[in-house]
Amino acid sequence: MDRHVSTFYLAFLLLATVALGNAQTSLLTVDSHDITVLLNTNETFVVFANGLITTDVQVTLGTDSEDHLDLDPASFLYPAGGTQNQSVVITGRSAGYVKVTADSDAADAEIVKDVFVRVTVAKSRALIYTSIVFGWVYFVAWSVSFYPQIWINYRRKSVEGLNFDFLALNIVGFTLYSMFNCGLYFIEGLQKEYEDRYPLGLNPVMLNDVVFSLHAMFATTITILQCCFYQRAQQKVSFIAYGILAIFAVVVIVSAGLAGGAVIHWLDFLYYCSYVKLTITIIKYVPQALMNYRRKSTSGWSIGNILLDFTGGTLSMLQMILNAHNYDDWVSIFGDPTKFGLGLFSVLFDIFFMLQHYVFYRHSRESSSSDLTTVTEAPNRSNEPSDVTTEKY
């Protein structure tokens, strides 16, 4: 019996020691890591302990920019055993993005590592709401843009006029884009890699990014299936497209092998996939533009897709310009022009497609009350076996 009591007592002491050790590693944290404040207005965040703090901790707050905001207090003592919340008031002074971090004595550095806030100082709340509206409108426009072509194909029971190289590049691009988004959104290991690489950064993938990329892949797959069942004449994927896709496949497979062999991180593999997607975005419109030029016609190809893509791309660029003005962040456009440049490139191609459809080859357009519902069905005749005509190009 005494032996059992002794064992129980030792176990209790062990648990107490572990609990005390955990208390020693309790951290200070904040109620929000992301705050938006307007110029000359105040917002507040709260510093609190997520467990028992056994020593006094002197906390000193600092920023990566001296003139964007004021902090009150900028320094405070969090007492041992304290349970109170320490409020810190942020006052916006100049538009921009600021990171607020905490510092302490070397012995307490681990305790304050989670005390950080990403602060956005904005000029106007109205511009914030306008940017949000633009974001949702272009999200809807881009999401809907796949369906005019699907509808035309269904009504015509034909895919003549739609370039297969464009579809092949599109499905690969959206598949890689979906891999990138789903990986960073759903896989905890990849999220941890991103946090380790960018400790104060925010995961760049949101739920709407995941939904859009998966939906785009689904809609493109539907269009490809239509190509398998509907009349397509002699259209097929070109050898040039196969060669380009083969190069992309080598890049993806080699990157995956390097990640599997721990030569690079899986996060790097996802980034390589995103680079391939960006390359595809640049070149994917070229085959359709050349096909329209060679045929001197846009028949069988939906201008609705382009109109919606133009709407989405224009609003996307306007949103970037609004945000750059509101947050005084023009470096995001001119310092790293990739995203803005790709959007501008796509919009310029959309304008060229509209010129092809409405100006250069307008005489060849099929007669229709709407370019979104173009039909090539001929009237029923008793001496014809089918009511679907074959277009001549």
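Anything mentioned here points back to the structure above.
We now turn to the structure provided with this report. Computed from a predicted structure; not experimentally measured.

Moving on, we get to unusual backbone geometry. A cis amide bond links Asp72 to the next residue, Pro73, at an omega of 0 degrees. Tracing the chain through its elements places Pro73 in the loop between β5 (69-72) and β6 (75-78). Even without glycine at this site, Asn40 takes up a positive phi of about 60 degrees. By the secondary structure assignment, Asn40 is in the loop between β2 (34-38) and β3 (42-49). The exposure class assigned to Asn40 is exposed, which follows from its relative accessible area of 59%. Of note in the backbone geometry, Lys157 takes a positive phi value of approximately 55 degrees without being a glycine. Among the secondary structure elements, Lys157 is positioned in the loop between α3 (147-156) and α4 (164-186).

Strand order in the open sheet made by the five strands is β2-β9-β8-β4-β6, with mixed pairing throughout. Taken across any chain shown, the strands that pair with only one partner, and hence form the sheet edges, are β2 and β6. Shown here is a sheet whose adjacent strand axes are inclined to one another by a mean of 25 degrees, direction ignored. Two elements, strand β4 (residues 57-63) and strand β8 (residues 96-103), share four bridges in a ladder whose sense is antiparallel. The partner of Leu61 across the bridge, within β8, is Ala102.

Cut-offs used in this document
Residues numbered from 1 in each chain as written. Predicted model: local features only at pLDDT ≥ 70, side-chain atom pairs only at ≥ 80, totals over all residues. Heavy atoms only, no water. Helix = DSSP H or I, 4+ residues; strand = E, 2+ residues; numbered from the N terminus. Buried < 20%, exposed > 50% of the residue type's maximum accessible area, 1.4 Å probe, protein only. Pairing = 2+ DSSP bridges. Axes fitted to C-alpha atoms, helices over the stretch in contact; angles between N-to-C directions.

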